[in-house]
Amino acid sequence: MAEPQAFFERMSENRFSPTEHTRGPWDADSQHAGPPAALLGRAVEERPGAREDMRLARVTYEIVRPVPIRPLEVTTTVLRSGRSVELVEAALAPEGGAPVMFARALRIRTLEEPGPAVAAGPQVPSPGDTAETPFFAVPWDVGYHTSMDTRFTEGAFREQGPGTCWMRMRMPLVAGEEIRPLDRVLVAADSGNGISNVLDFRRHVFVNADLTVHLHRHPVGEWVCVEARTSVDPAGIGLADARLHDEKGPIGRSAQSLFIAPR
């Protein structure tokens, strides 16, 4: 049977089977954190009783351990519910195992009538004028690196320093289901440290233990841009900080705390 062209297959309401398209660049048995981050974001939005007049404004992920490529279960819990703000926790765990990733999402009530709009920053060059940019060498043929269309307007995966990269999903998050705006952001946002790497990945590990995404609006269109910068302290702690854009302009920011070590 052919592998489905999606990151996950839905097994039941809260159970999902990852496909090989989730595979990250470092371990053949582990996922890139982008697809499971998007899966948790979707669980927050589609949980029973979720209010349609609220939208995700901030989500913070704690990556407890690498997310395996094996069936996973998603659970959600409302930690705080108010008239204008709610806090929701989602957890992702292998069947029969302890959670490997947590998300805490802050959702804020939207206005019934449009309010004032204030520009949040400059636009970046359009992806339409940029050629597709290859990933660095990965030891397997199929994975996250082949499931995303990536186009740099500054830097490259194979160059050290700041980078600005447009990213587009080549397939749905869940087989047979429509791609949502939040899917597009969260699948891409965890790539900030790779886009703006400042160390030789053949000599150093620079993995993120968390991810925080702030959004003042959801994206429009297929493309999300990650405009990233990485800073590293000699003690071995780093930060990848990124502005997030769509083709209409800024949509928010993301940040990753980095663990740095020699290989």
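Residues numbered from 1 in each chain as written. Predicted model: local features only at pLDDT ≥ 70, side-chain atom pairs only at ≥ 80, totals over all residues. Heavy atoms only, no water.

**Some words on the pattern of salt bridges**
Now for step 1: As enumerated under the stated definition, the model contains 19 salt bridges in all.
Now for step 2: Close ionic contact of Glu 46 with Arg 10 constitutes a salt bridge, the shortest N to O distance being 3.1 Å. Residue Glu 46 is located in helix α1 (residues 34-46), and its partner Arg 10 is located in strand β1 (residues 8-10); the two are separated by 36 residues in the primary sequence.
Now for step 3: On the basis of relative accessibility, which here comes to 30%, the residue Glu 46 falls in the partly exposed class.
Now for step 4: Residues Arg 151 and Asp 149 are paired through a salt bridge, measuring 3.3 Å at the closest nitrogen-oxygen approach. For the pair Arg 151 and Asp 149, one class covers both residues: buried.
Now for step 5: A cluster of three or more residues bridged by salt bridges with shared partners is formed by Arg 10, Arg 42, Glu 45, Glu 46, Glu 177, Arg 180 and Asp 183. (Salt bridge = Lys/Arg side-chain N within 4 Å of Asp/Glu carboxyl O. Helix = DSSP H or I, 4+ residues; strand = E, 2+ residues; numbered from the N terminus. Buried < 20%, exposed > 50% of the residue type's maximum accessible area, 1.4 Å probe, protein only.)

**Some words on a nonpolar patch on the surface**
Now for step 1: Together, Trp 26, Val 207 and Phe 259 give the surface a local cluster of nonpolar side chains, amounting to about 300 Å² of exposed area.
Now for step 2: In this structure, Val 207 sits in strand β9 (residues 204-208).
Now for step 3: Val 207 sits in the partly exposed class, given a relative accessible area of 34%. (Patch = residues over 30% accessible without salt bridge, like charges linked within 9 Å, V, L, I, M, F, W, Y side chains within 5 Å. Areas by Shrake-Rupley, 256 points an atom, 1.4 Å probe, with all protein chains shown as cover.)

**Observations regarding the pairing of strand β8 (residues 163-169)**
Now for step 1: Burial runs high along β8: six of the seven residues are buried.
Now for step 2: In the sheet, strand β7 (residues 148-154) pairs with β8 via six bridges, with the strands oriented antiparallel. What sits directly across from Phe 152, in β8, is Cys 165.
Now for step 3: Pairing analysis gives five bridges linking β8 to strand β11 (residues 224-232), with the strands arranged antiparallel. (Pairing = 2+ DSSP bridges.)

**Details of the side chain of Arg 58**
Now for step 1: Following the sequence through the fold, Arg 58 ends up in strand β3 (residues 54-63).
Now for step 2: The side chain of Arg 58 sits in the buried core without any salt bridge; Glu 62 is the nearest counter-charge, 8.4 Å away.
Now for step 3: A polar contact of 3.1 Å, which involves the side chain of Arg 58, links it to the backbone oxygen of Arg 104.
Now for step 4: For Arg 58, the contacting residues outside a window of four places in its chain are Leu 87, Arg 104, Ala 105, Leu 106, Thr 212, Val 213 and His 214. (Lys, Arg positive; Asp, Glu negative; His and termini not counted. Polar contact = N/O pair within 3.5 Å; in protein donor to acceptor, adjacent residues only side chain to side chain. Contact = heavy atoms within 4.5 Å.)

**What about the environment of Ala 189?**
Now for step 1: Inspection of the secondary structure assignment puts Ala 189 in helix α3 (residues 181-189).
Now for step 2: Under the relative-accessibility criterion, Ala 189 is labelled buried at 1%.
Now for step 3: Taking the C-alpha atoms as reference points, Ala 189 and Glu 9, separated by 180 residues in sequence, lie 22 Å from one another.
Now for step 4: Among all residues touching Ala 189, those that are not within four sequence positions of it are Leu 211, Val 213, Ser 254 and Gln 256.

**Concerning the nonpolar core**
Now for step 1: Tyr 61, Leu 173 and Val 213 are the most contacted members of the largest nonpolar core, which has 55 residues in total.
Now for step 2: Non-local contacts of Tyr 61, meaning those with residues more than four positions away in its chain, are made with Ala 37, Ala 38, Leu 40, Gly 41, Met 101, Phe 102, Ala 103, Leu 186, Ala 209, Asp 210 and Leu 211.
Now for step 3: Counting five residues, the second-largest nonpolar core is a separate cluster that includes Leu 199, Phe 206, Ala 240 and Ile 260. (Core = buried A, V, L, I, M, F, W, Y, C linked by side-chain atoms within 4.5 Å.)

**Section: α3**
Now for step 1: In terms of residue burial, α3 counts as a mostly covered element, since eight of its nine residues are buried.
Now for step 2: Within the sequence span of α3, burial applies to Leu 182, Asp 183, Arg 184, Val 185, Leu 186, Val 187, Ala 188 and Ala 189.

**Considering the packing of aromatic side chains**
Now for step 1: In the structure shown here, the tally under the stated rule is three aromatic pairs.
Now for step 2: Taking 6.4 Å as the distance between ring centres and 85 degrees as the angle between the ring planes, the aromatic pair formed by Phe 135 and Tyr 144 counts as edge-to-face.
Now for step 3: The class of Phe 135 is buried, set by a relative accessible area of 12%.
Now for step 4: For Tyr 144, a relative accessible area of 1% translates into the label buried.
Now for step 5: Measuring from centroid to centroid gives 4.1 Å for Phe 135 and Phe 157, while their planes differ by 25 degrees, and the two rings are stacked. Linking Phe 135 in the loop between β6 (101-109) and α2 (144-147) with Phe 157 in the loop between β7 and β8, this pair joins segments that are 22 residues apart in sequence.
Now for step 6: Judged by relative accessible area, Phe 157 falls into the buried class, the value being 3%.
Now for step 7: Through successive ring pairs, a cluster of aromatic residues spans Phe 135, Tyr 144, Phe 152 and Phe 157. (Phe/Tyr/Trp six-rings, centres within 6.5 Å; stacked < 30°, edge-to-face > 60°.)

**Observations regarding the confidence of the model for the protein**
Now for step 1: Averaged over all residues, the pLDDT of the protein equals 92, while 95% of them reach at least 70.
Now for step 2: Per-element confidence in the protein ranges from a low mean pLDDT of 87 for β9 to a high of 98 for strand β10 (residues 210-215). (pLDDT = per-residue confidence, 0-100.)

**Focus: the packing of α1 against α3**
Now for step 1: For the pair α1 and α3, interaxial distance at closest approach is 7 Å and the crossing angle is 145 degrees. Handedness of the crossing formed by α1 with α3: right-handed. For the pair formed by α1 and α3, the contact residues are Gly 34, Pro 35, Ala 37, Ala 38, Gly 41, Arg 42 and Glu 45 on the first element and Leu 182, Asp 183, Leu 186 and Val 187 on the second. (Axes fitted to C-alpha atoms, helices over the stretch in contact; angles between N-to-C directions. Left-handed = near helix turned anticlockwise from the far one by under 90°.)

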